[in-house]
Amino acid sequence: MMPLFRRGAHGTDPPARPAPSEPLPPLMPFAPPPVMPSLSPSVARFPATEGDLACRARDCSNHTGVLCHYVDRRGRRCDTAWCPNHWATVGGIVYCRRHAGTIAAIGYFDHPSGMPDVDNRAPSLVNWVGRDLDAFVAATLVQSATQGETFVREPVVSTHADRSGGRRYERGWKLVDHTGLRLVVAVFVVEGEETTIRVRVGSGVVAEGVPPWIERHRRGIEVTEETDRSQRALFYAFLQKHIVAAVRANRAVDQTLQQR
Ligand SMILES: [Zn+2]
Ligand SMILES: [Zn+2]
């Protein structure tokens, strides 16, 4: 019978490995297991889902509301109460819908720098716009990827210290290869300008604007659903146009650098 695999058949032996007969490292002396610190374990308590507070929702007369459980980095709480018909939950915790949006945007694990300020809408705005742009940006990057590049999508909104001194909430899409980051597209909002969405491609901001639904809300304007849809479509078409152009420009620069 022919052996299935013959060493050296192709003349490319792998580099020599230590022979199995090499002496084993000396055994470590027995050490007693570390003594566990005697802190009383903190027990997570399932928060009440029903209370006796008036529900904040318009036209709701229920008095079964509980407070939103959101606490920001300064220890401030959200003071709105909502009944079971009008709250939202993330990870088994009750929040108002707005803060459920914040938690959903940045993830509900512990954030080292604390949760965004209680009145900050930036994370959920970034999340919202990022979700609407996701398929488009993914397709644009995947199509422009060269050999060896992989597309990576950031699953949640991340928090960064901005050059301006405040925070920046950002969600990004990337092309990476074995050398690291090749190209990033990101949508972000900076603290202090919480209604302006900015788009960064590579190292430069290529487009910015206040989403029409935010502008309308600010000015108290109501429009029909159809007008809302067409205004949203215009806003996203504007961002998409600038994303495509900037991705192409970045890739063209990459190519000329490689051809040198
Ligand atoms: Zn209610
Ligand atoms: Zn809240």
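The shown structure was predicted, so the numbers you read here are calculated from the model rather than taken from an experiment. What you see as residue numbers is a count from 1 along each chain, following the sequence as written. Chains and ligands are labelled sequentially in the order written, the chains with letters from A and the ligands with numbers from 1. The predicted origin of the model limits local features to residues at a pLDDT of at least 70 and limits the giving and counting of side-chain atom pairs to 80 or more, whereas totals for whole chains, interfaces and linings rest on all residues.

J.: What is the right way to look at the overall build of the protein in this model?
T.: The helix and strand inventory of the protein stands at four helices and ten strands. From first element to last, N terminus to C terminus, the protein shows the α and β order β-β-β-β-α-α-β-β-β-β-β-β-α-α. The 260 residues of the protein split such that 23% are buried. Where helices and strands are cited, they refer to DSSP runs of H or I of at least four residues and of E of at least two residues respectively, numbered from the N terminus. Burial in this document is a count-based property: other C-beta atoms within 10 Å of a residue's C-beta are tallied, and the residue is buried at 20 or more, exposed at 12 or fewer, or partly exposed in between, with C-beta positions derived from the backbone.

J.: Please explain the nonpolar core as it appears in this structure.
T.: Nonpolar side chains tend to gather and get buried jointly when the protein is soluble and globular. Think of a nonpolar core as buried Ala, Val, Leu, Ile, Met, Phe, Trp, Tyr and Cys residues, each tied to the set through C-beta atoms within 7 Å. Formed by 42 residues in total, the largest nonpolar core has its most connected members in Tyr95, Val126, Val185, Val187 and Ile243. For this core, the secondary-structure elements that each account for two or more residues are strand 2 (81–82), strand 4 (93–95), helix 1 (97–106), helix 2 (122–144), strand 7 (167–177), strand 8 (180–190), strand 9 (197–201) and helix 4 (225–259). The element that contributes the greatest number of residues to this core is helix 2, accounting for eight residues. Note that domain bounds follow an automatic or database assignment of domains. Residue-level mapping places this core at the junction of two domains, with at least three residues from each of domain 1 (48–118) and domain 2 (122–259).

J.: I tried to follow helix 2 on my own but got confused; where do I start?
T.: Residues spaced three or four apart along an α-helix face the same direction, because each turn holds 3.6 residues. To obtain the bend at a residue, axes are fitted to the seven residues ending there and to the seven starting there, and the angle between these axes is taken. Maximal helix bending in helix 2 amounts to about 50°, located at leucine 133. Among the residues of helix 2, Ala122, Pro123, Ser124, Leu125, Val126, Asn127, Trp128, Val129, Gly130, Leu133, Val137 and Leu141 are the ones counted as buried. A pair of residues counts as a contact when their C-beta atoms, built from backbone coordinates, are within 7 Å of each other. Contacts made by the buried residues of helix 2 are with helix 1, strand 5 (150–153), strand 7, strand 8, strand 9 and helix 4.

J.: Just to check I follow, could you spell out the environment of glycine 204 for this structure?
T.: Tracing the backbone shows glycine 204 in strand 10 (residues 204–209). Residue glycine 204 is classed as exposed on the basis of its 10 C-beta neighbours within 10 Å. Along the sequence, glycine 204 and alanine 246 sit 42 residues apart, while their C-alpha atoms lie 9.1 Å from each other.

J.: Is there a simple way to explain helix 1 in this structure?
T.: Counted residue by residue, helix 1 has seven buried out of ten residues, so it is predominantly covered. All buried positions along helix 1 are accounted for by His99, Ala100, Thr102, Ile103, Ala104, Ala105 and Ile106. Elements in contact with the buried residues of helix 1: strand 3 (88–90), strand 4, helix 2 and strand 6 (158–161).

J.: What am I meant to see in the pairing of strand 8 here?
T.: Side chains on a regular strand alternate between the two faces of the sheet. Here the rule is simple: two strands pair whenever DSSP picks up at least two bridges between them. Where strand 7 lies against strand 8, ten bridges are found, and the strand directions are antiparallel. Across the sheet, leucine 175 pairs through a bridge with leucine 183, a residue of strand 8. Where strand 7 folds back onto strand 8 in an antiparallel hairpin, the turn is made up of two residues. The turn linking strand 8 back onto strand 9 is made up of six residues, and glycine 192 within it adopts a positive phi angle of 100°.

J.: Mind showing me how you'd approach the environment of arginine 58 here?
T.: Relative to the elements of secondary structure, arginine 58 occurs in the segment before strand 1 (66–67). For arginine 58, a count of 6 C-beta atoms within 10 Å gives the class exposed. For arginine 58 and histidine 86, which are 28 residues apart along the polypeptide, the C-alpha to C-alpha distance reads 9.9 Å.

J.: Honestly, the pairing of strand 6 in this entry has me stumped. Any pointers?
T.: Where strand 6 and strand 7 come together, four bridges link them in antiparallel fashion. Paired with threonine 159 across the bridge in strand 7 is tyrosine 169.

J.: What exactly am I supposed to notice about unusual backbone geometry here?
T.: Glycine aside, a negative phi is what most residues show, and trans is what most peptide bonds show. Phi is positive for aspartate 59, which is not a glycine, with a value near 65°. The topology assignment puts aspartate 59 in the segment before strand 1. Accessibility expressed as a C-beta count within 10 Å gives 5 for aspartate 59, which makes it exposed.

J.: Just to check I follow, could you spell out the packing of helix 1 against helix 2 for this structure?
T.: Geometrically, a packed helix pair is captured by the angle between its two axes and the distance between the axes. Helix 2 packs onto helix 1 with a crossing angle of 65° between their chain directions and a minimal axis gap of 8 Å. Helix-helix and strand crossings are classified by hand; for helix 1 and helix 2 the assignment is left-handed. Contacts between helix 1 and helix 2 pair Gly101, Thr102, Ala104, Ala105 and Ile106 from the former with Pro123, Ser124, Val126 and Asn127 from the latter. Looking at the contact of helix 1 with helix 2, its residues break down into five nonpolar, four polar and no charged. Here an angle of 0 to 180 degrees is reported between the N-to-C directions of two axes, which are lines fitted to C-alpha atoms, with helices fitted over the stretch in contact. Note: crossing handedness is left-handed where the near helix turns anticlockwise from the far helix by less than a right angle, and right-handed where it turns clockwise. By the convention adopted, Pro, Cys, Tyr, Trp, Phe, Met, Ile, Leu, Val and Ala count as nonpolar, Lys, Arg, Asp and Glu as charged, and the other residues, Gly among them, as polar.

J.: What am I meant to see in the confidence of the model for the protein here?
T.: Predicted coordinates in regions of low pLDDT should not be interpreted in detail. Here pLDDT means the predictor's own confidence in every residue, given as a number from 0 to 100. Averaged over the protein, the pLDDT score is 85; the fraction of residues at 70 or greater is 83%. Within the protein, strand 6 has the poorest average pLDDT of any element, 89, and strand 9 the best, 97. Across residues 1–20 the pLDDT falls below 50, and counting only partners more than four positions away or on other chains, this stretch makes two contacts in the model.

J.: What is the right way to look at the environment of valine 201 in this model?
T.: Its location among the elements puts valine 201 in strand 9. Once the C-alpha coordinates of valine 201 and alanine 186 are considered, the two residues, 15 residues apart in sequence, prove to be 6.6 Å apart. Excluding its chain neighbours within four sequence positions, the residues that come into contact with valine 201 are Val185, Val206, Ile243, Ala246, Val247 and Asn250.

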